[in-house]
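# Breakdown of the fold
Single-letter residue listing:
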Amino acid sequence: MHSLSMIGDHQKSKTEIPPGTLDMLILKTLRRFGAMHGYGIAKTIQQASEEVLKVEEGSLYPALQRILIKGWVTAEWVPSGPKRRNRVYSLTAEGRNQLSTEISEYRRVSAAIERVIEPA
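Reading the values: the criteria
Residues numbered from 1 in each chain as written. Predicted model: local features only at pLDDT ≥ 70, side-chain atom pairs only at ≥ 80, totals over all residues. Heavy atoms only, no water. Helix = DSSP H or I, 4+ residues; strand = E, 2+ residues; numbered from the N terminus. Buried < 20%, exposed > 50% of the residue type's maximum accessible area, 1.4 Å probe, protein only. Contact = heavy atoms within 4.5 Å. Areas by Shrake-Rupley, 256 points an atom, 1.4 Å probe, with all protein chains shown as cover. Pairing = 2+ DSSP bridges. Core = buried A, V, L, I, M, F, W, Y, C linked by side-chain atoms within 4.5 Å. Axes fitted to C-alpha atoms, helices over the stretch in contact; angles between N-to-C directions. Parallel < 35°, antiparallel > 145°, perpendicular 65-115°, else oblique. Nonpolar A, V, L, I, M, F, W, Y, C, P; charged D, E, K, R; others polar. Patch = residues over 30% accessible without salt bridge, like charges linked within 9 Å, V, L, I, M, F, W, Y side chains within 5 Å. Salt bridge = Lys/Arg side-chain N within 4 Å of Asp/Glu carboxyl O. Lys, Arg positive; Asp, Glu negative; His and termini not counted. Charge placed at Lys NZ, Arg CZ, Asp CG, Glu CD.

## Quick notes on the overall build of the protein
On a plain count of helices and strands, the protein comes out with four helices and six strands. Its helices and strands in sequence order give the protein the pattern β-β-α-β-α-β-α-β-β-α, from N to C terminus. Across the 120 residues in the protein, those meeting the buried criterion constitute 35%. A sequence separation of at least 24 residues applies to 46% of the contacts in the protein between residues at least 6 apart. Of the accessible surface of the protein, which amounts to about 7,900 Å², a share of 53% is contributed by carbon and sulfur atoms.

## A short note on the pairing of strand S5 (residues 73–81)
Two faces, one strand: in a regular strand the side chains alternate between the faces of the sheet. Examined bridge by bridge, S5 and strand S6 (residues 84–91) share eight bridges and lie antiparallel to one another. Across the sheet, residue Val78 finds its bridge partner in S6, namely Asn86. Taking the residues that link successive antiparallel strands as the turn, the S5-S6 hairpin has two residues, and the phi of Lys83 there is positive, at about 60°.

## Things to note about the nonpolar core
Generally speaking, nonpolar side chains in soluble globular proteins are found buried as a group. Ranked by size, the top nonpolar core spans 22 residues in total, and within it Ile26, Leu30, Ile41 and Val73 carry the most contacts. Of all elements in the fold, only helix H1 (21–33), helix H2 (38–48), strand S4 (53–55), helix H3 (57–69), S6 and helix H4 (93–117) reach the threshold of two or more residues within this core. Setting aside its immediate chain neighbours within four residues, Val73 contacts Leu27, Leu30, Leu64, Ile67, Leu68, Tyr89, Ser90, Leu91 and Thr92.

## Details of unusual backbone geometry
The phi angle of most residues is negative, glycine excepted, and most peptide bonds adopt the trans form. Here Glu50, not a glycine, exhibits a phi torsion of approximately 55°, which is positive. The backbone phi angle of Lys83 is positive, close to 60°, even though this residue is not glycine. Examined against the element boundaries, Lys83 turns out to sit in the loop between S5 and S6.

## Describing the pairing of S6
By the bridge criterion, two bridges tie strand S3 (residues 36–37) to S6 in an arrangement that is antiparallel. Its bridge partner being in S6, Met36 is matched across the sheet by Tyr89.

## Brief notes about the packing of H1 against H2
H2 packs onto H1 with a crossing angle of 95° between their chain directions and a minimal axis gap of 10 Å. By the angle class used here, H1 and H2 are roughly perpendicular. Contacts between H1 and H2 involve Leu25, Ile26, Thr29, Leu30 and Phe33 on the former and, on the latter, Ile41, Thr44 and Ile45. Of the residues in the contact of H1 with H2, the class split is six nonpolar, two polar and no charged.

## Thoughts on a positive patch on the surface
Residues Lys28, Arg31, Arg32, Arg96 and Arg107 make up a contiguous surface patch of positive charge. Where the positive patch is concerned, the elements lending two or more residues are H1 and H4. Top contributing element to the positive patch by residue count: H1, with three residues. Tracing the sequence through the fold places Lys28 in helix H1.

## What about the packing of H1 against H3?
Where H1 contacts H3, the two axes come as close as 10 Å, and the packing angle between them is 75°. The angle between H1 and H3 falls in the class roughly perpendicular. Across the interface between the two elements, Leu22, Asp23, Ile26 and Leu27 from H1 touch Ser59, Leu60, Ala63, Leu64, Arg66 and Ile67 from H3. The residue makeup of the contact of H1 with H3, split by class, is seven nonpolar, one polar and two charged.

Interpretation note: all reported values are geometric properties and have no functional meaning in isolation.
Spelled out as structure tokens, the structure:
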């Protein structure tokens, strides 16, 4: 499980998200906006979720490393100023395929949960 901070009503609380959901959010962000560094990915997810989701560094970077190893993204060090570099992540063809799989599975599970919690 990964933790995301849920921000709202002037209080912060932690919630657990199902495994793979963070991977899907990262892959979708890279698909939608192109190559980005980790901080940019986290900020984009936060902004796209209308400030509801805040990806914690302790969850983001292990997820990026995991999907890098799986071949869903590539990473390249690029200069970002004097004596500084950022690691920029790009989606691969395999990552695009995996994103489709992740979204289908997420929608299947979400629909099943909706069926359970809907009033009879």
